[in-house]
Amino acid sequence: MSIGPWRPFSELADFREAMLRNFFTGPWEIGPRFDIYQNDREVVATAELPGLTSRDDVEITATEDTLTVRGEIRRSEETSERDYHRTERFYGTFARTLSLPARVEPEKATATYKNGILEIRLPKGENQRQRRIPISLH
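All values derive from a computational prediction rather than experimental measurement.

## Regarding the confidence of the model for the protein
Put simply, the protein has an average pLDDT of 79, and 74% of its residues get 70 or more. Per-element confidence in the protein is highest for strand S1 (residues 34-38), whose mean pLDDT is 95, and lowest for helix H1 (residues 8-25), whose mean pLDDT is 67.

Next comes the structure, spelled out in C-alpha cells:
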C-alpha cells in the first residue's frame with residue numbers, strides 16, 4: 001500500500017461513475033458476468049458460473065446477433081439453520097441476453113464448462129469473416 005495525498009474529488013468522481021453504472025445496468029441484470037471478444041473466425045463469450053452441478057441447470061440460446069444464457073445456481077447445503085452475517089454469493093435463477101459484436105452461425109456454436117467458467121464459441125458467418133484482399137499491380 002502506498003501513501004499519497006488524499007484526493008477527495010477523485011474519489012467522488014469514482015463514486016459517481018459507479019452509481020451511474022449501477023443505475024443504468026440496474027438490479028435486473030443479476031447473474032453471471034461475461035467477457036466477450038472476437039477474432040477473425042469467431043466470437044467467444046466466457047462467464048463465471050461457480051457451483052454449476054448439471055448441464056440441465058443452464059440453457060444457452062443464440063441468434064445471429066444475440067446470446068442468451070439462463071439457468072439456476074443452487075446452494076450446496078441447507079441454509080435455513082444458519083444465521084448469516086453477510087451473503088454476497090449469487091444463488092437462484094438468472095437470465096442474461098447479450099448483443100454480439102458480429103453476426104454468427106448459432107447452429108455451429110459450442111459450449112464448455114471447466115473450473116467454474118462457461119465458455120461459448122460462436123463461429124462468425126461467412127460474410128463476417130475478414131479476408132485480406134490482394135492488390136493487382138499493373
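## Topic: the sheet that holds strand S6 (residues 110-114)
Spatially, S1-S2-S7-S6 is the arrangement adopted by the four strands of the open sheet, whose pairing is antiparallel. Looking along the sheet, the strands with just one partner apiece sit at the ends: S1 and S6. Mean inter-strand twist for the sheet, computed between neighbouring axes without regard to direction, equals 15°. Pairing of S1 with strand S2 (residues 42-48), which is carried by five bridges, proceeds in the antiparallel orientation. Its bridge partner being in S2, Ile36 is matched across the sheet by Ala45.

## As for the layout of surface pockets
Estimates place the volume of the second largest pocket at around 180 Å³. Taken together, Leu52, Arg55, Val58, Glu59, Ile60, Ala111, Thr112, Tyr113 and Leu118 make up the full set of residues lining the second largest pocket. At the level of elements, strand S3 (58-62) and S6 are the ones that each hand at least two residues to the lining of the second largest pocket.

## Side note on unusual backbone geometry
What is expected of a backbone is that most residues other than glycine have negative phi and most peptide bonds are trans. The residue Asn115 is not glycine, and still its phi comes out positive at about 50°. Judged by relative accessible area, Asn115 falls into the exposed class, the value being 71%.

Criteria and thresholds
- Sequence order sets the numbering: in each chain, residues are counted from 1 along the sequence as written.
- Side-chain atom pairs in this predicted model are given and counted only at pLDDT of 80 or more, local residue features only at pLDDT of at least 70, and totals for whole chains, interfaces and linings cover all residues.
- For the side-chain quantities, the full set of heavy atoms in the structure was used; hydrogens and water were omitted.
- Confidence of the predictor in every single residue is expressed as pLDDT, which spans 0 to 100.
- A helix here means a DSSP run of H or I that spans at least four residues, while a strand means a run of E at least two residues long, and both kinds are numbered starting from the N terminus.
- In short, DSSP must find at least two bridges between two strands for them to pair.
- Interaxial angle, 0 to 180 degrees, is taken between N-to-C directions of lines fitted to C-alpha atoms, where a helix line uses only the stretch in contact.
- Both cavities and pockets are sets of points on a 1 Å grid over the protein atoms alone; in a cavity a 1.4 Å probe fits but cannot get out, in a pocket the set is open with protein on both sides within 12 Å along at least five of seven lines, and lining residues sit with an atom within 4 Å of a point.
- Grid points are joined across faces, edges and corners, and a volume is the space filled by probe spheres set on the points.
- The classification of residues rests on relative accessible area computed with a 1.4 Å probe and restricted to protein chains. Under 20% of the type maximum is buried, over 50% is exposed, and intermediate values are partly exposed.

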